[in-house]
Amino acid sequence: MAVCYLSLMLGVIVFAGVLPSSSSSDTRQFHFNVQWNEVRRLCHTKPLLTVNGKYPGPTIAVNEGDNVEIKVTNSVDINTTVHWHGIKQLRTGWADGPAYVTQCPIRRGQSYTYMFSVTQQRGTLFWHAHHSWQRASVYGAFIIYPRFSYPFKSPSIHAEFPVIFGEWWNSDVHAVEKEMLDYGGGPNVSDAYTINGLPGPLYPCSQQDTLIQTVDQGKTYMLRIINAALNSELFFAVAHHTLTVVEIDAIYTKPFTIQAIMVAPGQTINVLLTASATRDQILQSSGMFVMAARPYLTSNMLRSLGSVDYPCNVPKIIDKRVITTISLNLQDCPPNQSCKGLYGKRFLASMNNQSFVRPSMSILECHYRKLAACSRSYNFPEKPPHAFNYTSVDPLTENMNAEFGTKLLAVPYGTRLEIVLQDTAFLNVENHPIHFHGHNFFIVGTGVGNFDASKDPKNYNLVDPPERNTVAVPSGGWAAIRINADNPGVWFVHCHLEAHTSWGLAAALVVKDGPLPSQRMIPPPLDLPAC
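This write-up is about the structure you can find in this document.

Thresholds applied
Residues numbered from 1 in each chain as written. Predicted model: local features only at pLDDT ≥ 70, side-chain atom pairs only at ≥ 80, totals over all residues. Heavy atoms only, no water. Helix = DSSP H or I, 4+ residues; strand = E, 2+ residues; numbered from the N terminus. Rg over C-alpha atoms; globule rule 2.2 N^0.38 Å. Contact = heavy atoms within 4.5 Å. Areas by Shrake-Rupley, 256 points an atom, 1.4 Å probe, with all protein chains shown as cover. Core = buried A, V, L, I, M, F, W, Y, C linked by side-chain atoms within 4.5 Å. Buried < 20%, exposed > 50% of the residue type's maximum accessible area, 1.4 Å probe, protein only. Patch = residues over 30% accessible without salt bridge, like charges linked within 9 Å, V, L, I, M, F, W, Y side chains within 5 Å. Salt bridge = Lys/Arg side-chain N within 4 Å of Asp/Glu carboxyl O.

Turning our eyes to something else, we now look at the overall build of the protein. Along its length, the protein carries four helices and 32 strands. Computed over the C-alpha atoms, the radius of gyration of the protein is 22 Å, within 12% of the 24 Å expected from 2.2 N^0.38 for a compact globule of 531 residues. Dimensions along the principal axes, computed over C-alpha positions, put the protein at roughly 65 × 55 × 50 Å. Counting only contacts in the protein whose residues sit at least 6 apart along the sequence, the fraction spanning at least 24 positions is 80%. A total accessible area of about 20900 Å² is found for the protein, and carbon and sulfur atoms account for 52% of it.

Structure below.
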C-alpha cells in the first residue's frame, strides 16, 4: 500500500501567512507567473511547471463576497490555462478556465486576467491548471473566509493549515501523458504521493522531505484537506486521533466524527482535530498523518447543514431527468498504428457511449457568438443508447467502441435537473469522481448495481442531502444528483481522474440565458485569449 506521511508533533505552532482583514466586499488582486523551476524529489531533479516558482503554488486567500482578479502570465513555451475549482463563476464563465471549453489557452508570453466574484461561497477550494496534465504540479489552495462566524460548535480553533494531496513523477509527466495518448495504453503510475509537495520518509532520499506540523496538546486545529492528485482517490487518518468533518467542497455539513475520510480527486474537506493523544502515544506512533491509495467511503454520513442561515435548497420537483452511463472502453486500433491497450486496442472512456472531443475553438465562445463554423451539437443523449445490465456485463467480451464528438446537454435557465450517473462493468467497475463546473449539486441518492427509476427515487434524501461540486460515484453503482441550473454558460462535466478525462469521460452542460439581464452571461473580457 503506497503511503506518505505528515508528522504531527507536540510543541508551539508557527503559523505564517497573510489573511484578509476586511469583512466587507473588496477587490483582491493576484499575479501568477507560470514558469519552469528546478525541483528535486526522490533523488531526481527535473524542471517542473510551477506558479511563481512554488510547488505547490501560492495560496489564494479572500473574503466571502470579494471580487477577485488574478492575472496569469505564461512564461513557458507551452499553452496553459487555470481553473478555480469549485468557484461557481456566476455569469462569468469566461473565467472558469478549462481549455477549449470556456477559453482558448494562454499562449507563450501572453497574459489573461481571470475576474470573478466569490458570491455566497465560503470555505476551502483549490485552483489548478486545466490544460493537459499540467495540474500535476500547478495547483494550490483557494480559501474563502466566511463573513460570519462558523456555525458549528467546537473548542476555539487555535490555528489552521492546508493539507494538499498530490503526486510526483520522476519522469516528465508530459511525456507520460503523450505516450498514453499516442499508443492508447494506460499511463505510468506516479512514483510517490505527496502532502504539500513532500513525499515523506518512506520514499528514497525523502527523509528531509517530510512536512512537519507542530501543534499544542489539547488545542484544536482546522485541517483544510484538498485532493489535487491526478489519478488517485485517497484516504486520510491521524494516528490515535479522530477527525470531525464540518465542511465538504466549501459547504457546511452537519458535523460528525470519524477515524478516516476518503477524498476523491477534486474534493475538499475541512476537519477539526484536537491534539488529544498523550505524549507516549505520539512517540509510539511517530505522530504521523497517514495517506493511502485505498477507497474508504463515508458519503452516507454526509448531510447538509440545512439551517436557516445555510439552507439546503435541493429541488424537490424536477423538470428533467438525464441518465448517463460512465464507462471505460476499448477502441479498435486504427489501421497501420501500434496500440498498447488490452488486446492490442486503445483505452478510452465515455458518457452514454459518447467519448468527448474538445474542439479547436472555445465552446463557450462559439455558443455565445453563435458561430456556425464550430464543431458541436446540442443533442447529448439523455439516456443510454442501449439498455443492458450495466454493472454485470462481461467486462471483456462486449463491444466497447464508442462514438467521438462534442455533444452538449442544453437546458433552459432555471431547469431543475436530475442526473443519474451510472457506473458500468466495462473493463472493470470504477469509483469515478465526477466534477461539475459552474454549479454545486445535491447528492440525493446512491446505490449498488443498476439504477431503477421506478424504485430508487422513493429512497432519495430530499431533506438534507450533501451538497458538493464533485461526487465519487460508487464502484459498480450509481449516484443521483440534482442541480438548480441557474448559471448561464457552458460548463465542463468530467471525471477528475485525469487519465479518464484524457480518454473522453466528459461532457458539457449548456445553461441558456434567462429572460432577465441578471440571468444572462456577461460579455467576454477584452483580453480573452484567441485560438
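Of all hydrophobic cores here, the largest spans 47 residues; its most connected members are Leu421, Ile434, Val471 and Ile481. Sequence-distant contacts of Val471, defined by excluding residues within four places in its chain, comprise Gln267, Leu421, His432, Pro433, Ile434, Phe441, Ile443, Ala479 and Ile481. In this structure, Leu48, Ala61, Ile225 and Ile248 belong to the second largest nonpolar core, which totals 42 residues.

For the rest of this paragraph, the subject is the environment of Thr194. Here Thr194 shows up in strand S11 (residues 192-195). When the C-alpha positions of Thr194 and Phe236 are compared, they lie 12 Å apart, and in sequence the two are 42 residues distant.

Moving on, we get to a nonpolar patch on the surface. A cluster of nonpolar side chains, contributed by Leu342, Tyr343 and Leu396, occupies part of the molecular surface with about 280 Å² of accessible area. Structurally, Leu342 can be placed in the loop between strand S20 (320-331) and strand S21 (346-351). By relative accessible area, Leu342 is classed as partly exposed at 32%.

Function cannot be read off these values alone, since they describe shape.
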